[in-house]
Amino acid sequence: MSRGVAVVTGGTAGLGRATVRELAARGWDVAVLARGEDGLAATVAEVEQAGRRALAVPTDVADREAVEQAADRVEAELGPIELWVNCAMVGVFGDFLTTEPADFERAVAVNFFGFVNGTRAALSRMTPRDRGHVIQVGSALAHRGIPLQAAYCGSKFGARGFTESVTAELLHDGSNVKLSTVDMPALNTIQFSWVKSQLPEHPQPVPPIYQPEVGATAIADVADRPRRRTWVGESTVGTILGDRFAGGFLDWFLARTGYSGQLAPDKHDPRMPDNVYTPAPGDHGARGVFSDKAHSWSPQTWAIRHRRAVYATAAGTLAAGVALVAGAAKRR
């Protein structure tokens, strides 16, 4: 039995690819929206090997009409869309003033307006049926900007505000459609090999780094049990809370460490041509070149998955502590 039809944008590489695999393993039929034909073919083959239906739809998510046409095709060939995951992105690394304006605008078009276009396509089909779920792949950098990634950080901040506005509208209308955000830590994805970069060395995600499957598991868990906001990884929790309580310190700290922390002088792998305007040929899978530094597990994410057991254990520990204190008081 199928769980329903899921759409994943940017589903051919990195976190999107890992998410497609995880959803297919949990019984979803998956439509993949991305630009690269090689990656689309390979991703669809993996979904079919998992025993699920798949559909590849070549799509640039920055093109609103193309996204609408893709959604029409998905519903015509697979059926009603029950889950839509906005995950597509492109990256430009460098100081804001030395980044070409066209490159900056293109990154915002994909990373922000791609989410807007996907959300509109999904909700316009889901709300008349009064069911469905949209998951926005957010980031710790939607709460705290860092140097060299102004386009990405600005897009993620914008997507967060946009999502909060639409969430309030759905609640006002009494809609049963769900809208969730899953904020990610630094992930070992292929993006750091094909971002358009001004950096003198191979760019890297700011450590600690997690494997993309950690994020994909969290997304699939939220699809199973919708919740509006989920933070993935200890570093995401620390970044968000740190910015709330020590924003000035983080400004100073990132000014001192934010540049070197995004360089990987030990990586000498040849970088691919950037994919900002055109997709990189070939199939590149989910993981990038930082597996030697990446964590495959997060205790914080495990706790989210098993929150009932965690709460029960905490309640039991608290009750035992109260009983011990009460017993000691009686003996006195």
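Residues numbered from 1 in each chain as written. Predicted model: local features only at pLDDT ≥ 70, side-chain atom pairs only at ≥ 80, totals over all residues. Heavy atoms only, no water.

- The protein goes by Short chain dehydrogenase in an unreviewed UniProt entry, where it is assigned to Plantibacter elymi.

A short note on the nonpolar core
No. 1: If you look at the biggest cluster of nonpolar residues, it comprises 33 residues, and the most contacted ones within it are Leu23, Val30 and Val85.
No. 2: Contributions of two or more residues to this core are made by β1 (4-9), α1 (14-25), β2 (28-34), α2 (37-49), β4 (81-86), β6 (133-139), β7 (178-184) and α7 (212-224).
No. 3: If you look at the next biggest cluster of nonpolar residues, it comprises 30 residues, including Val5, Ala31, Val74 and Leu170. (Core = buried A, V, L, I, M, F, W, Y, C linked by side-chain atoms within 4.5 Å. Buried < 20%, exposed > 50% of the residue type's maximum accessible area, 1.4 Å probe, protein only. Helix = DSSP H or I, 4+ residues; strand = E, 2+ residues; numbered from the N terminus.)

Concerning a positive patch on the surface
No. 1: On the surface, a cluster of positive charge is contributed by Lys178, Arg228, Arg229 and Arg244.
No. 2: Secondary-structure assignment places arginine 228 in the loop between α7 and β11 (229-231). (Patch = residues over 30% accessible without salt bridge, like charges linked within 9 Å, V, L, I, M, F, W, Y side chains within 5 Å. Areas by Shrake-Rupley, 256 points an atom, 1.4 Å probe, with all protein chains shown as cover. Salt bridge = Lys/Arg side-chain N within 4 Å of Asp/Glu carboxyl O. Lys, Arg positive; Asp, Glu negative; His and termini not counted. Charge placed at Lys NZ, Arg CZ, Asp CG, Glu CD.)

Here's the deal with the UniProt feature "domain: Ketoreductase" (unreviewed entry) in the protein
No. 1: Sequence positions flagged by UniProt for "domain: Ketoreductase" (unreviewed entry) are, in local numbering, residues 4-190.
No. 2: Structurally, residues 4-190 is divided into 49% helix and 22% strand, and its ends, taken at the C-alpha atoms, are 29 Å apart. (UniProt positions renumbered as here; feature names shortened; annotations may be inferred.)

Brief notes about the sheet that holds β1
No. 1: Taken in spatial order, the seven strands make up an open sheet running β3-β2-β1-β4-β6-β7-β11, and their pairing is parallel. At either end of the open sheet lies a strand with only one pairing partner, and these are β3 (54-58) and β11. The average undirected angle you get between the axes of adjacent strands in this sheet is 15 degrees.
No. 2: Both β6 and β7 contribute to a ladder of seven bridges, which runs parallel. Residue pairing in the sheet places isoleucine 135 in a bridge with serine 180 of β7.
No. 3: Strands β1, β2, β3 and β4 of the sheet are contacted by helix α3 (residues 64-77), whose axis makes an angle of about 160 degrees with β3. (Pairing = 2+ DSSP bridges. Axes fitted to C-alpha atoms, helices over the stretch in contact; angles between N-to-C directions. Contact = heavy atoms within 4.5 Å.)

Structural notes on the sheet that holds strand β8 (residues 186-187)
No. 1: On the basis of which strands lie adjacent, the open sheet formed by three strands has the order β8-β10-β12 and parallel pairing. Strands with a single pairing partner mark the edges of an open sheet, and in this sheet they are β8 and β12 (294-295).
No. 2: Bridge analysis of β8 against strand β10 (residues 209-210) gives two bridges, and the strand direction is parallel. Its bridge partner being in β10, leucine 187 is matched across the sheet by tyrosine 210.

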